[in-house]
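Residue strings, one per chain:
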Amino acid sequence: MTATKTSTRSVFAGRELGIVIALVVVLVAATIARPSFLSGQGLHDLFLNASIIALLAIGQTLLVITRNIDLSVGSVMGLTAFLSGQMFLGDPDTPVIVVVLAGIALGAVCGAINGALVAIAKVPALVVTLGTLYVFRGVDYAWASASDTQQVNAYQMSPDFLSFGSGAVLGVPNLTIIALAVLALASYGLHNYRAGRELYAIGSNPDAARLAGIPTGRRVFGAFVISGALVGLGGVLHAAYFGTINASVGTGEELSVVAAVVVGGVAIFGGSGTVVGAALGALLLTTVTSALPILGVPAFWQRAVDGAALLVAISLDRAVMVRLAARLREERGRRRGTEPAP
């Protein structure tokens, strides 16, 4: 078993290295086509665009590791972004930290709803979050209609809030700093805390994890809440960065997030993967999207690229798992052949 785990880790570590190599290839190709692509401003924009997707991908990773998924992330992101705008319409002097905490809280509540239906009611996560994708989006549109505010513009928000979204420290965007801080915390927690390691155990074998005394329901519920909170933070950051918000913010974002996670080496079948890989996957897909127009590819192919990357990554994961299972059977056969007769 130890040998198999080591093999699995080495395979997915190789996937992360492959992402880095692919990222370098895309960067080189785009830079050849347009030398300014890797300029200071170009890198600044690239990291800014990748930061929010990476933030959502980190939360999604916690769920995919446990064999779950959240398809409602785009709707929750739109809901929390609209909340940010509405708070400034109510009081233009609302402190930035209050808006951030409110967005995180709303995202956590949405995550708790999904988590309760999955962990307590035992409804499959795919079904639950596909439903709440439309429910939360409907709430967003209903809110916009009820408040007679179809769009919140930058001039209606606090200058401090907008500065927070577009600001930087030593040339590094604030949004990227936040994403890196969350990445470091999530990575440390998954590998150094018991609760984090138990998420991998649940994804590897839910029944065995339950028999081992792991509170699977509580852990899955907690993963949904944390993921929702990160999506809420992502919605607030989206509002702060773009400055224009309407009820359609985040539409279709779930595909980009899931694609980033799976491309980053997180097994869709659960039990393996890292948040670092997911963040790299987000950076790679964002870079590809930014490079498409430069390389002469129409921008509407963005979703096609995300979908193709998702299909390739899932197929690769499946092939890897089949190969590892065959290797494990061979090792067991050799061991039985070398065991002394009783």
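Residues numbered from 1 in each chain as written. Predicted model: local features only at pLDDT ≥ 70, side-chain atom pairs only at ≥ 80, totals over all residues. Heavy atoms only, no water.

*Asks:* Outline the overall build of the chain, supporting the account with residue identities and numerical values.
*Replies:* Of regular secondary structure, the chain possesses 13 helices and 4 strands. Taken over 342 residues, the chain has a buried fraction of 49%. Nonlocal contacts in the chain, meaning residues at least 24 apart in sequence, comprise 80% of its contacts between residues at least 6 apart. Accessible surface for the chain amounts to roughly 15800 Å². Of this, 67% is attributable to carbon and sulfur atoms. (Helix = DSSP H or I, 4+ residues; strand = E, 2+ residues; numbered from the N terminus. Buried < 20%, exposed > 50% of the residue type's maximum accessible area, 1.4 Å probe, protein only. Contact = heavy atoms within 4.5 Å. Areas by Shrake-Rupley, 256 points an atom, 1.4 Å probe, with all protein chains shown as cover.)

*Asks:* Residues and numbers for the nonpolar core, please.
*Replies:* Within the largest apolar cluster, 90 residues are counted, with the highest numbers of intra-cluster contacts made by Leu56, Phe161 and Ile245. Here this core takes 14 residues from helix α2 (residues 40–65), the largest share from any one element. (Core = buried A, V, L, I, M, F, W, Y, C linked by side-chain atoms within 4.5 Å.)

*Asks:* How would you sum up helix α11 (residues 253–263)? Please name residues and give values.
*Replies:* Along α11, 10 of the 11 residues are buried, which leaves the element largely enclosed by surrounding structure. When we look at burial in α11, the residues that qualify are Glu253, Glu254, Ser256, Val257, Val258, Ala259, Ala260, Val261, Val262 and Val263. Count one or two residues on from α11 and you reach glycine 265, which has phi positive near 95°.

*Asks:* Can you tell me about the confidence of the model for the chain, naming the residues and giving the values?
*Replies:* Detailed conclusions should not be drawn from predicted coordinates in areas where pLDDT is low. Across the chain, pLDDT averages 86, with 89% of residues at or above 70. Taking the mean pLDDT of every element in the chain, the minimum, 69, falls on helix α1 (residues 2–33) and the maximum, 96, on helix α4 (residues 96–120). Segment residues 1–7: pLDDT under 50, and 6 contacts once partners within four positions in sequence are set aside and those in other chains are kept. (pLDDT = per-residue confidence, 0-100.)

*Asks:* Account for a nonpolar patch on the surface, naming residues and giving values.
*Replies:* Side chains of Leu17, Val20, Ile21, Val24, Val25, Val28 and Ile32 sit close together on the surface and give an oily, nonpolar patch of about 650 Å² of accessible area. Relative to the helices and strands, valine 20 is located in helix α1. (Patch = residues over 30% accessible without salt bridge, like charges linked within 9 Å, V, L, I, M, F, W, Y side chains within 5 Å. Salt bridge = Lys/Arg side-chain N within 4 Å of Asp/Glu carboxyl O.)

*Asks:* With reference to specific residues and values, describe the environment of alanine 240.
*Replies:* Within the secondary structure, alanine 240 is located in helix α10 (residues 216–242). Through-space distance from the C-alpha of alanine 240 to that of serine 84 is 8.5 Å; in sequence the pair is 156 residues apart. With residues up to four places along the chain from it excluded, the contact list for alanine 240 reads Phe161, Leu162, Phe164, Gly165 and Ser166.

*Asks:* Tell me what's going on with the packing of aromatic side chains, and back it up with residues and numbers.
*Replies:* Using the criterion set out here, one finds 4 aromatic pairs in the structure. Between the aromatic rings of phenylalanine 88 and phenylalanine 161, the centroid separation amounts to 4.9 Å while the plane-to-plane angle is 45°, which identifies the pairing as tilted. Here phenylalanine 88 is found in helix α3 (residues 73–90), whereas its partner phenylalanine 161 is found in helix α6 (residues 159–166), with 73 residues between them in sequence. By the burial criterion, phenylalanine 88 is buried, and phenylalanine 161 matches it. Judged by centre distance (5.9 Å) and plane angle (75°), the ring pair of tyrosine 188 and tyrosine 193 falls under edge-to-face. (Phe/Tyr/Trp six-rings, centres within 6.5 Å; stacked < 30°, edge-to-face > 60°.)

*Asks:* Can you tell me about α4, naming the residues and giving the values?
*Replies:* Helix length check: α4 (25 residues) gives 35 Å between terminal C-alpha atoms against 36 Å at 1.5 Å per residue, within 8%. All buried positions along α4 are accounted for by Val96, Val99, Val100, Gly103, Gly107, Ala108, Cys110, Gly111, Asn114, Gly115, Val118 and Ala119. In this structure, the buried side of α4 is in contact with α3, α5 (125–146), α6 and α10. Looking one or two residues past α4, lysine 122 carries a phi angle of roughly 65°, positive in sign. (Expected span 1.5 Å × (residues − 1).)

*Asks:* Residue-level account of the packing of α2 against helix α7 (residues 174–192), with values.
*Replies:* Interhelical geometry of α2 versus α7 gives an angle of 20° and a closest axis separation of 8 Å. Between α2 and α7, the crossing angle belongs to the class labelled roughly parallel. In the packing of α2 onto α7, the handedness of the crossing is left-handed. Where α2 abuts α7, its residues Phe47, Leu48, Ser51, Ile52, Leu55, Ile58, Leu62 and Ile65 lie against Leu175, Thr176, Ala179, Val182, Leu183, Ala186 and Leu190. For the contact of α2 with α7, the per-class residue count stands at 13 nonpolar, 2 polar and no charged. (Axes fitted to C-alpha atoms, helices over the stretch in contact; angles between N-to-C directions. Parallel < 35°, antiparallel > 145°, perpendicular 65-115°, else oblique. Left-handed = near helix turned anticlockwise from the far one by under 90°. Nonpolar A, V, L, I, M, F, W, Y, C, P; charged D, E, K, R; others polar.)

*Asks:* Explain the pattern of salt bridges to me, using residue names and the numbers behind them.
*Replies:* Within the structure shown, the criterion is met by 4 salt bridges. In this structure, aspartate 140 and arginine 137 form a salt bridge, with 3.8 Å as the shortest nitrogen-oxygen distance. Residue aspartate 140 and its partner arginine 137 are located together in helix α5, separated by 3 residues, close to a single helical turn. A salt bridge links arginine 210 to aspartate 207; the shortest N-O distance between them is 3.1 Å. Taken together, the positions of arginine 210 and aspartate 207, both in helix α9 (residues 206–211) and 3 residues apart, correspond to about one turn of that helix. Counted as one network, the salt bridges with shared partners bring together Arg194, Glu198 and Arg219.

*Asks:* Describe the environment of leucine 233, listing the residues and the values that go with them.
*Replies:* Considering the arrangement of structural elements, one finds leucine 233 in helix α10. By relative accessible area, which is 10% here, leucine 233 ends up buried. The spatial distance from the C-alpha of leucine 233 to the C-alpha of leucine 55 is 8.3 Å, given a sequence separation of 178 residues. Apart from residues no more than four positions distant in its own chain, leucine 233 is found in contact with Leu55, Val100, Ile104 and Ile178.

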